[in-house]
Amino acid sequence: MQKVQHSPSSTARFVQGMDRVNAGLTTVCGLALALMVLSVFIGVLARFVFSHTSLRVSVPWTEEVSRYLMIWTVFLGAGIACRQGKLIGVEFVVSTLPAPIGRALKYLSFLLAGGFYVLLCVIGLQWLEFGQSQTSPVLEVPMVVINLAMVVGGVLMVLNTAALVLATRLADRDIRSAAEDDELESAMQQMARTRPLADSQLNSNRTV
Amino acid sequence: MTQILFAGFAVLLLLSVPIAVTLGLSSSIALYLAGKPLVLMAQSVYEALDSFGLMAIPFFVLAGTLMQSGGIAQRLVDLANALVGWIQGGLGACVVLTSMFFATMSGSSSATTAAIGSVLIPAMEKKGYPRPLAGAVAAASGELGVIIPPSIPMIIYALSANVSVADLFLAGVIPGVFIGISLIITVCVVARLKGFDAVSPMTLGQWLGGLLIAFKRASLAILMPVLILGGIYGGLFTATEASVIAVVYGLFIGIYVYKELHWRDLLPLLGRSAVTSSIILMIVGFAAIFAYILTVNQVPHMVGAFVTSISKNPIVFLFAVNVLLLLTGMFMETLAAIIILAPILAPAALQYGIDPVHFGTIMIVNLAIGMVTPPVGVNLFVVCQVAKLRLEQLIRPLLVFLCVLIIDVLIISYVPALSIWFR
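Quick caveat: nothing in here was measured; it's all calculated off a predicted structure. In every chain, residue numbers begin from 1 and rise along the written sequence. Chains carry letters from A onward and ligands carry numbers from 1 onward, assigned in written order. Only residues with pLDDT of at least 70 get local features here, since the model is predicted, and only at 80 or more are side-chain atom pairs given and counted; chain-wide, interface and lining totals rely on the full set of residues. With hydrogens and water excluded, all non-hydrogen atoms of the structure serve as input to the side-chain values.

*Asks:* Explain the overall build of chain B here, please?
*Replies:* Strands here mean DSSP runs of E at least two residues long; helices mean DSSP runs of H or I at least four residues long; both are numbered from the N terminus. When you go through chain B residue by residue, the secondary structure sums to 20 helices and zero strands. Over its C-alpha atoms chain B spans a radius of gyration of 22 Å, differing by no more than 12% from the 22 Å that the globule rule assigns to 423 residues. Only protein chains enter the accessibility calculation, which uses a 1.4 Å probe. A residue is then buried if its area is under 20% of the maximum for its type, exposed if over 50%, and partly exposed in between. With 423 residues in all, chain B has 66% of them scored as buried. Contacts spanning at least 24 positions in sequence make up 78% of the contacts within chain B whose residues lie at least 6 apart. In the form shown here, chain B has an accessible surface area of approximately 14700 Å², with 72% of it arising from carbon and sulfur atoms. With the radius of gyration taken over C-alpha atoms, the globule rule is written as 2.2 Å times the number of residues to the power 0.38. By definition, residues are in contact when any of their heavy atoms lie within 4.5 Å. Here the accessible surface of atoms and residues is derived via Shrake-Rupley with a 1.4 Å probe, and residues count as covered only by protein chains that are part of the display.

Written as structure tokens, this is what we have:
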């Protein structure tokens, strides 16, 4: 049995590469969200403003565009979220059990999740075939374009889950705390920027 | 088929597999063993996500994030402090009140807890509150984030129980205010008994003057929920339309009025909101196939028949549901609990003559308490991180608030008029 030699740099390169892909895709998701806002807002405007004038403009495409953008955003966004282990799970058992057992279970859970993401790709490919002859009702976009999101998302989830496990091992961190909660951190950063409450108010109360 | 589904679900959940994967994987196993095509999963995930109503979730997430960075939170804290800062226990009351204001812009309870807790827990400590008590106040009032509209769990309940999101939003207003007031009273009583955060004497004129200044500074922020809820109540727009108006409004005052938000911050903020929403919507999508398998196997029907065979009395039923939901909330993640339980319990409730909108409020309020109870309580985790506390330290000061919240949930359960006042 010969062990395949992975030079550490190739692992690190993979993780870095994924992070670059994720940064790009996060921007794509952000833009998609902006487009969703824009098209739904146009729909609202059309309903309120145009319906009160003699112009009868109907914009049925706004709903369709935004719904399909949302489907793509969900699969890409979930794929990105896998890199930080942000898909919510119940960590209670794993963190309560003795460390070696907890760690083993956590690896098992990554393996199961990874397996599911592979399954998602396979099912996604079947789903592509289903949409082959269909087009969307308003814009007549081939449904394949929309159904593709599941396959792409699945691939991204597999790769990012691998990247998370590898990066955690590389940094020699406990696998059980691989997840990063950056929603909380960003909320705290935002609030740290605002001035700490009421130091002045507290003092003025005392002097009154 | 359902036994396999539930067994798979429980095992995977305990293994800390992400909820979305737990739902999807246990459903795939059940489908595979029943000889059904797995592509059914893709179909129902797509059907669930291909929804205009669901789009309110990313929009409200985005609106909440805009509000956090747009200088609005600070103004809300100042307004709440001007209103109740002079009472004994006023700062604790201010935490509750700020959470209530914040909840009118945010649909999530962990975001509310994080935002309010990080500023006000240190302030409370300075005024003599023991830190664990300060944390308990922030955690307990954070649950208002999902009770006072907009609320992400409410959108999900509405879609899975087939009721109007707008109705559910309106139904949350009075219970939210009611819970808020009960928490304010509790904080003030605790402060008086323990003797900290003393009264600061103030003339009526001073109070009004301070209030007026704070109100003027915060008026544009306060106007938004009025606009949105008013529009929904008046039937002017749907919840999704309201959510997009909230985004545009938040953007406008953040950039042009308060000038604390810049165009260059926008793209990272959008990306972050998109990813956060994807995490939520992923659960929604895969819960759809889970719920589909339950429905095909007539589980809701069987549960309904079983429950009605035990008691025909709606009071007993509601009590049993409260206990079930409180226990579920202690261990389960809220959104998944709603998607699995709403299609099962709402039809049963209807047989007892309980309005599905009222039942939705009961469910949300119960599960919201679950966010403040160990062992699995989002708000507690957030507070522990923000205030550098251990979970055990929070439990004792939390008990009194939990008792109040449980009394609140019972009152909300047995007085439907609080929820369906607008009918």
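Text resumes after the structure shown.
*Asks:* Looking at this model, I keep getting lost on the overall build of chain A. Mind explaining?
*Replies:* Regarding its fold elements, chain A presents seven helices and zero strands. If you list the helices and strands of chain A from N to C, you get α-α-α-α-α-α-α. Intrachain contacts of chain A at a sequence separation of at least 6 include 76% that bridge at least 24 residues. Surface accessibility of chain A: about 11100 Å² in total, with carbon and sulfur atoms responsible for 65%.

*Asks:* It is not clear to me how the interface of chain B and chain A should be interpreted in this structure. Could you clarify?
*Replies:* How big an interface is tends to be stated in terms of accessible area lost as the parts join. In this complex, chain B contributes 79 residues to the contact, which on the side of chain A involves 74 residues. In the sections that follow, a salt bridge refers to a side-chain nitrogen of Lys or Arg positioned within 4 Å of a carboxyl oxygen of Asp or Glu. Where chain B touches chain A, the interface holds two salt bridges. Between A:R67 and B:D50 there is a salt bridge, and its shortest N-O distance comes to 2.5 Å. Here a polar contact means two N or O atoms within 3.5 Å. Within protein one must be a hydrogen donor candidate and the other an acceptor candidate, and residues neighboring in sequence count only if both atoms are side-chain atoms. Across the contact surface, chain B and chain A share nine residue pairs in polar contact (both at pLDDT 80 or more).

*Asks:* Can you help me understand the nonpolar core in this one?
*Replies:* Side chains that are nonpolar tend, in soluble globular proteins, to be buried together. Here the nonpolar core consists of buried residues drawn from Ala, Val, Leu, Ile, Met, Phe, Trp, Tyr and Cys, with membership extended through side-chain atoms lying within 4.5 Å. Within the largest apolar cluster, 215 residues are counted, with the highest numbers of intra-cluster contacts made by A:F75, B:Y157 and B:F359. The leading source of residues in this core is helix 14 (residues 263-296) of chain B, at 17 residues. Among residues more than four places away in sequence, those in contact with B:F359 are B:Y157, B:F317, B:V321, B:L345, B:A346, B:A349 and B:I354. Core analysis: the next-biggest nonpolar cluster, separate from the first, contains five residues, A:F110, A:L164, A:V165 and A:A178 among them.

*Asks:* Just to check I follow, could you spell out the pattern of salt bridges for this structure?
*Replies:* Should the charged atoms of two oppositely charged side chains come close, the side chains can pair. For the coordinates displayed, the defined rule picks out 12 salt bridges over all chains. With a closest N to O distance of 3.1 Å, A:R103 and A:D174 form a salt bridge. Of the two residues, A:R103 sits in helix 4 (residues 99-130) while A:D174 sits in the loop between helix 5 (143-170) and helix 6 (182-193), which places them 71 residues apart along the sequence. The class of A:R103 is partly exposed, set by a relative accessible area of 33%. Salt bridges linked by common partners bring A:E63, A:R67 and B:D50 together as one network.

*Asks:* Mind showing me how you'd approach the confidence of the model for chain B here?
*Replies:* Fine structural detail should not be taken from predicted coordinates in areas where pLDDT scores are low. Residues and elements named next belong to chain B. Here pLDDT means the predictor's own confidence in every residue, given as a number from 0 to 100. In the predicted model, chain B carries a mean pLDDT of 90, and the fraction of residues at 70 or more is 100%. Highest mean pLDDT in chain B belongs to helix 18 (residues 356-370) (95); lowest belongs to helix 15 (residues 299-310) (85). The ipTM assigned to the predicted complex is 0.87, against a pTM of 0.88.

*Asks:* Would you mind showing me how to read unusual backbone geometry here?
*Replies:* Leaving glycine out, the prevailing phi sign among residues is negative, and the prevailing peptide bond configuration is trans. Residues and elements named next belong to chain B. Residue P150 follows P149 across a cis peptide bond; omega there is -5°. The topology assignment puts P150 in the loop between helix 9 (144-147) and helix 10 (152-161). Residue P374 is joined to P375 through a cis peptide bond whose omega torsion reads 0°. Its location among the elements puts P375 in the loop between helix 18 and helix 19 (378-387). One non-glycine residue with positive phi stands out, namely N162, at about 60°. By the element assignment, N162 lies in the loop between helix 10 and helix 11 (165-194).

*Asks:* Is there a simple way to explain helix 4 (residues 56-69) of chain B in this structure?
*Replies:* Because each turn of an α-helix spans 3.6 residues, side chains separated by three or four positions end up pointing in the same direction. Residues and elements named next belong to chain B. Taking 1.5 Å of rise per residue, the 14 residues of helix 4 would be expected to cover 20 Å, and the 20 Å separating its terminal C-alpha atoms lies within 8% of that figure. The element helix 4 is extensively covered by neighbouring structure, given that 14 of its 14 residues are classed as buried. G71, located one to two residues past helix 4, shows a positive phi value of around 75°. A helix is expected to span 1.5 Å for every residue after the first.

*Asks:* Help me out: how do you make sense of a nonpolar patch on the surface in this one?
*Replies:* All names here are of chain B. Two joining distances apply to patches: 9 Å for like charges and 5 Å for nonpolar side chains (Val, Leu, Ile, Met, Phe, Trp, Tyr), and every residue must have over 30% relative accessible area and no salt bridge. A cluster of nonpolar side chains, contributed by I315, F319, V323, L327, I407, I411, Y414 and V415, occupies part of the molecular surface with about 690 Å² of accessible area. Mapped onto the elements, V415 comes out in the segment after helix 20 (391-414). On the basis of relative accessibility, which here comes to 36%, the residue V415 falls in the partly exposed class.

*Asks:* I tried to follow the confidence of the model for chain A on my own but got confused; where do I start?
*Replies:* When the pLDDT values of chain A are averaged, the result is 83; 78% of them are 70 or greater. The low-confidence segment residues 195-208 of chain A, where pLDDT is below 50, has 20 contacts with residues more than four positions distant or belonging to other chains.

*Asks:* Where do I start with helix 2 (residues 61-83) of chain A in this structure?
*Replies:* Residues and elements named next belong to chain A. Relative to the 33 Å expected for 23 residues at 1.5 Å per residue, helix 2 spans 34 Å between its end C-alpha atoms, a close match to the ideal helical length. Summarising burial for helix 2: 19 of the 23 residues are buried, a large majority. Residue G85 follows helix 2 closely and has a positive phi angle near 60°.

*Asks:* Is there a simple way to think about the packing of helix 16 (residues 314-331) of chain B against helix 18 of chain B in this case?
*Replies:* Residue and element names in this part refer to chain B. Simply put, an axis is a line fit to the C-alpha atoms, just over the touching stretch for a helix, and the angle between two N-to-C directions goes from 0 to 180 degrees. Two elements in contact, helix 16 and helix 18, have axes whose closest approach is 7 Å; the angle formed by their N-to-C orientations is 40°. Relative to helix 18, the crossing made by helix 16 is right-handed. Residues F317, L318, V321, N322, L325, L326, G329 and M330 of helix 16 form the contact with helix 18, whose participating residues are F359, I362, M363, N366, L367, I369 and G370. Class assignment for the residues of the contact of helix 16 with helix 18 results in 11 nonpolar, four polar and no charged. Here a crossing is called left-handed whenever its near helix is offset anticlockwise from the far helix by less than a right angle, and right-handed whenever the offset is clockwise. Side-chain classes follow a simple rule in which Ala, Val, Leu, Ile, Met, Phe, Trp, Tyr, Cys and Pro form the nonpolar group, Asp, Glu, Lys and Arg form the charged group, and the remainder, Gly included, forms the polar group.

*Asks:* Explanation requested: the packing of aromatic side chains in the structure shown.
*Replies:* All names here are of chain A. The criterion for an aromatic pair is that two Phe, Tyr or Trp rings (for Trp, the six-membered ring) have centres within 6.5 Å, with stacked assigned to planes under 30 degrees apart, edge-to-face to planes over 60 apart and tilted to the rest. Across all of its chains, the model carries 15 aromatic pairs over all chains by this definition. In this arrangement the basic side chain of R67 is found over the ring face of Y68, its NZ or CZ atom lying 5.8 Å from the centre. We call a charge positioned over a ring when the NZ of a Lys or the CZ of an Arg lies within 6 Å of the ring centre and within 35 degrees of the ring normal. Against the face of F110 rests K106, its NZ or CZ located 5.4 Å from the ring centre.

*Asks:* Hey, could you run me through the side chain of B:D408 in this one?
*Replies:* Residue and element names in this part refer to chain B. Tracing the sequence through the fold places D408 in helix 20. When charges are tallied, Lys and Arg are placed among the positive residues and Asp and Glu among the negative ones, while His and the ends of the chain are skipped. It is K194 that comes nearest to the buried, bridge-free D408 among opposite-charge side chains, at 19 Å. Those residues in contact with D408, other than ones at most four positions away along the chain, are F178, I179 and S182.

*Asks:* Can you help me understand the environment of B:A214 in this one?
*Replies:* All names here are of chain B. Looking at the element boundaries, A214 is found in helix 12 (residues 204-233). Among the residues examined, A214 registers a relative accessible area of 8% and is labelled buried. Expressed as a C-alpha distance, the spacing of A214 and L76, which sit 138 residues apart in the sequence, is 8.4 Å. When near neighbours in sequence (up to four residues on either side) are disregarded, A214 contacts D78, L79 and A82.

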